[in-house]
Amino acid sequence: MTTTEIIVTLAGFALIAWIVWYFWLWKGKPVAAQSGAGGVLEVDVTVKGGYQPAIVEARTGQRLRLNFTRREASTCGEEVVLPAFGRRAHLPQNTSVPIEIVPDKPGEYEFTCGMNMYRGKIVVQ
Amino acid sequence: MRTGAMHGTQAIDPICGMTVDTRSAAGVIERDGQMYYFCSTGCKAKFDAEPQGVAEKQSQSGCCSTKAAEAVAPPQTGCCGGGAGTAVQLNAHGAAEQPLHQIGGAGRRTNPVQQGAAHGAHIHTTAGADRSEQVGGRIKEATAEEAQEKAYRALMRKFSFAAVVSLPLVLLMFAEFIPAWREALMPYHRLIGVISAVISLPVLLWSGGQFFVGAWNGLRNHNTNMDTLVALGTGAAWVYSTIVVIAPEVFPAGTAGMYFEVAAIVIALILLGQALEIRAKSRSSAAIRKLLELQAKTARVIRNGLEVDIPIAEVIVGDTVLVRPGEKIPVDGVIIEGESAVDEAVVTGESVPVDKAAGDTVIGASINKTGAFTFRATRVGKDTALARIVEMVEQAQNSKPPIGRLVDSISSYFVPAVMIAAILTFLAWFNFGPQPVLNYAVVTMVTVLVIACPCALGLATPISLMVGVGKAAEHGVLIRNGEALETASRLTTIVLDKTGTITKGKPELTDVLPFGDFTEETVLRFAAIADKRSEHPLAEAIVNGARKRGLEVDEPEQFNAIPGHGVEARVDGRRAAVGNRKLMQREGVALDAFEQAAMRLADEGKTPMFVAVDGRPAGIIGVADTIKEDSITVVRALQRMGIEVVMMTGDNERTAKAIARQVGIDRVLADVPPEEKARQVEKLQVEGRPGNERGGRRARLVGMVGDGINDAPALAQADVGFAIGTGTDVAIEAADVTLVGGSLRGVVTAIEVSRATLRNIKQNLFGAFIYNTLGIPVAAGVFFPLFSVLLSPIIAGAAMAASSVTVVTNANRLRSFEPQVTGKEN
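In short, a report on the structure. The structure displayed is predicted, hence computed values, not measured ones. (Residues numbered from 1 in each chain as written. Chains lettered and ligands numbered in written order. Predicted model: local features only at pLDDT ≥ 70, side-chain atom pairs only at ≥ 80, totals over all residues. Heavy atoms only, no water.)

Things to note about the overall build of chain A
Let me state the cut-off plainly: Put simply, DSSP marks the helices as runs of H or I at least four residues long and the strands as runs of E at least two long, and each gets a number from the N terminus on. Type-normalised accessible area, obtained with a 1.4 Å probe on protein chains alone, sets the label of each residue: buried when under 20%, exposed when over 50%, and partly exposed for intermediate values. Any pair of residues with heavy atoms lying within 4.5 Å of one another is described as a contacting pair. In short, Shrake-Rupley with a 1.4 Å probe defines the accessible areas, and a residue's cover is counted only from the protein chains shown.
Check the secondary structure of chain A and you find one helix and eleven strands. If you list the helices and strands of chain A from N to C, you get α-β-β-β-β-β-β-β-β-β-β-β. The buried share of chain A, reckoned over its 125 residues, is 51%. Here the contacts in chain A between residues at least 6 apart in sequence split such that 53% fall between residues at least 24 apart. Looking at chain A as shown, the accessible area adds up to about 5600 Å², and 57% of this sits on carbon and sulfur atoms.

What to know about the sheet that holds strand S15 (residues 367-368) of chain B
All names here are of chain B. Condition: Two strands qualify as a pair provided DSSP detects at least 2 bridges between them.
The strand order across the open sheet formed by three strands is S13-S12-S15, and the pairing between neighbours is antiparallel. The sheet terminates laterally at strand S13 (354-356) and S15, the two strands that pair on one side only. Relative to S15, strand S12 (residues 340-343) is paired through two bridges, and the arrangement is antiparallel. Bridge assignment links Asp343 to a residue of S15, and that residue is Ile367.

Let's talk about helix H9 (residues 226-246) of chain B
The periodicity of an α-helix, 3.6 residues per turn, causes residues three or four positions apart to be oriented the same way. Here is the rule: Any helix carries an expected span of 1.5 Å times its number of residues minus one.
Taking 1.5 Å as the rise per residue, H9(B) with 21 residues should run 30 Å; its terminal C-alpha atoms sit 30 Å apart, in good agreement. The element H9(B) is largely enclosed, with a buried count of 16 among its 21 residues.

A closer look at the pairing of strand S5 (residues 55-58) of chain A
Residue and element names in this part refer to chain A. In the sheet, strand S1 (residues 31-32) pairs with S5 via two bridges, with the strands oriented parallel. When the sheet's bridge partners are listed, Ala32 is paired in S5 with Glu57. In terms of strand pairing, S5 meets strand S11 (residues 119-124) through four bridges, oriented parallel. Within the sheet, the bridge partner assigned to Glu57 lies in S11 and is Val123.

Comments concerning the pairing of strand S3 (residues 41-47) of chain A
Residue and element names in this part refer to chain A. With five of seven residues buried, S3 is to be regarded as a mostly interior element. Strand direction decides the pairing type here: strand S2 (residues 34-35) and S3, joined by two bridges, are antiparallel. Its bridge partner lying in S3, Ser35 is registered against Leu41. Connecting the antiparallel pair S2 and S3 is a turn made up of five residues, with Gly38 showing a positive phi of about 70°. Where S3 and strand S6 (residues 64-70) come together, seven bridges link them in parallel fashion. Across the sheet, residue Val45 finds its bridge partner in S6, namely Phe68. Across two bridges, S3 lies against strand S4 (residues 51-52) in antiparallel orientation.

Observations regarding the pattern of salt bridges
To keep things clear, this is the line we draw: One side-chain nitrogen of Lys or Arg within 4 Å of one carboxyl oxygen of Asp or Glu is enough to make a salt bridge.
By the definition in use, this model includes 33 salt bridges over all chains. Residue Asp309(B) is joined to Arg300(B) by a salt bridge in which the shortest nitrogen-to-oxygen separation is 3.4 Å. Overall, Asp309(B) belongs to the partly exposed group, its relative accessible area being 25%. Accessibility expressed as a relative area gives 15% for Arg300(B), which makes it buried. Across the salt bridge formed by Glu595(B) and Arg581(B), the nearest N and O atoms sit 2.8 Å from each other. Of this pair, Glu595(B) sits in helix H22 (residues 592-603) while Arg581(B) is found in helix H21 (residues 581-587), placing the two residues 14 residues apart along the sequence. Judged by relative accessible area, Glu595(B) falls into the partly exposed class, the value being 26%. Through salt bridges with shared partners, one network takes in Glu42(A), Arg63(A), Arg65(A) and Glu100(A).

Things to note about the interface of chain A and chain B
Where interface size is quoted, it is often the accessible area lost as the parts come together. Formally: Accessible area that two parts lose when put together, evaluated with a 1.4 Å probe and summed over both, is termed the buried area. Nitrogen and oxygen atoms within 3.5 Å of one another constitute a polar contact, given that in protein one can donate a hydrogen and the other can accept it, and given that sequence-neighbouring residues count only through two side-chain atoms.
With 51 residues of chain A in contact, the opposing surface of chain B contributes 55 residues. Summed over both partners, the interface of chain A with chain B comes to about 4600 Å²; 59% of that surface belongs to carbon and sulfur atoms. Where chain A packs against chain B, one counts five residue pairs in polar contact (both at pLDDT 80 or more). Those elements giving two or more residues to the side of chain A that touches chain B turn out to be helix H1 (3-25), S4, S6, strand S8 (87-90), strand S9 (96-101) and strand S10 (107-113) of chain A.

Comments concerning the packing of helix H13 (residues 385-397) of chain B against helix H16 (residues 454-474) of chain B
All names here are of chain B. Stated formally: Axes here mean lines fitted to C-alpha atoms, for a helix over just the part in contact, with angles spanning 0 to 180 degrees between N-to-C directions. Oblique is the label for every angle not falling under 35 degrees (roughly parallel), over 145 degrees (roughly antiparallel), or within 65 to 115 degrees (roughly perpendicular). Less than a right angle of anticlockwise turn of the near helix away from the far helix marks a crossing as left-handed, whereas a clockwise turn marks it as right-handed.
Remark: H13 packs on H16, axes separated minimally by 9 Å, with the N-to-C direction vectors making an angle of 155°. Put simply, H13 runs roughly antiparallel to H16. Of the two elements, H13 crosses H16, and the hand of that crossing is right-handed. Between H13 and H16, the residues in contact are Val393, Ala396 and Gln397 and Leu465, Met466, Val469, Gly470 and Ala473, respectively.

By themselves, these observations are geometric and do not establish any function.
Take a look at the structure:
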């Protein structure tokens, strides 16, 4: 192997290690939903290359409102689906679209885009 | 139109009444399926705090307080005067219709109906919630449709630009393959490179800008998606080619290849694929839209003694509604006067019109065929059968069948895995490939990036589920969720309740066999009088049979119903007992005299009812339930599908077996009291069948078909509970599948559509898995050592664009599903 080949190969493996760490091992910080008007727990979720925040904390039996706002032209995130609650919403660009749910059991409930590429979860305690 | 009203992209803020552009609204609230748009966060917060109150205040405060109310109030009756009204009615498609007061000239009364309509619309602004919710549903549809159409047009514009610009680049690429042209252009190689770089740049930045922005946004969020792959692939090709143009000397001899056309054409093809996918997806969700379009737009109600036409959203519970022949019934209700045949196919899937008379229920959106009638509205807005069907179908479409869970876990790892595969491909070619290694390494890496298609995987399950569940609804079969659909497709056993499911559930008197000195008439008279106060269907059959034979059925002097046995009563001062064998044993009546006759009746499928007077056998009465027209066809169809059919009944074994023989059922569970049904289903579930054991899992998957009320525990116990509804009871809680049409054929349709949908999902998943698992190694060049051929990145890009379109198109094939067993066969 030439020096160039060794350098390129090491750079390649370093890039792979970075991909594994950055996309698979990195864990986002959960955000607790805040009490809003009428005692509804509320959290604003920005849709831009993913969900921000991607982990939302909620409480059993308490109404939770997720205000989704798509801040990108890409159509990847134009739909949001909450399969456990049978809910789907179309997200027009730059418009806040709230989805209200009442999680009746503790656990983790996913929300994803229509094609399952963007992923977030609601952690219900 | 008030709260939530919308005209094109305009909506009315329910708090301040301002017209709001839905695309730039400061806030939107969806509440119970209704969308509200707000001009400011303040309005949104106010609404949020007291939505109900706001709705009421609006309606009570009259039309001047908000522009939203103005919209409802026509000028001639409202307090705002003419001219200012911005009334907008939405049609079924969410498009704006001409306001009532503008028909025939603004502010001019044209005829009493219009006048009344205006009046009705005004005085009933408090009909509030139901109306706006229904309208809200349409707005949601319209918004999604408009957005889809807009996205399609934008993609096609970008595609057209990319395609036109790519054309000279493609010609230059072909020139490379023609020796004479290649030599002629050789001196201008670098100039051509500069021109290609400049031409392809706007394709990347404008047409393909969304991929780069999407990829960047994803990267910042530790997320990857299809944009990441497209951006990396085309970006790498363009950057590499540009470096070749600027500094060809940094590359080893022969490695300075240019791939501008690859970047531009791949972007053009993927844009085209996305546009086609949007079109195909809008067809997939057509079922829901079709259901909504079935609604009538207006209703003719009688208010203050006048017939007035009003939008159906204005109809309130208790309204008297008039329907003429050929018209659609606007909401659910009960007929007050008149009779007609009503085509309920829109809701029940049953093609034969149903005769209706006073006291019968009618379903909104069904078509009145022959006579005119009036009915009292009982369910409006989101409570109508149609609205509940739409809601149920939407929920099912958005659920996930277990088969999709594997895909979920795969797709979260997919894109980074492809990126890693691309790097490994680059390294393999760079270290072990033939010369020029850098060219091969770059081309194969780009090809791997652009061939992988995570969207095909992600779309495979939900798109088929959407079409399948919608298709089932068209045939009057409501499937609760993806899990029920998947289980229904794998059922091995179906349990049919006898009474009301296989039979009509309306038994009739067939035989009267007297003993000793009793005559037919005296036996029947004793039995009918004794049974008169009983509510049991068999007792009713005896009473009705006696009346039909001209007997007068008096009241019994004493009456006592013994559940599970029969009745005891005092008739003409004598003690009469009418019931089953257990009652006779309890009464100490010798059964010997009964035996032969009872067996004969049972063998004929009739239920023998024993009659004893003063403790002596008086006679036997035979009562039989008629088998439904389609029972035999359905049982045969289920058996052809490889499903074992079991009949369950509380009736005696002999009668049950006789009925079972008539319909072709081999296995009968007889003498099962109502409270035992669930346990019998459980016993069937754990019952092993040789060759069908699956590693500790239940050997049988049992579906139970019942009426949803009496059979609720058994339906809940079954792996799939099928409830036979009556049209208006659309969402039966205990049921996984509701057969709205009330016909047993729905069971076959539900299983057929479930199997077809699951087959479709499997085809999609198989196609997407195979495509990616074969496509990526081929793109990486595994065939190069054998055949010295490499996949062109352009073909890889085309394949990627085609794969998503193929998945959606395959799912759309389900739209042509037709049930095998239809009403026409009978």
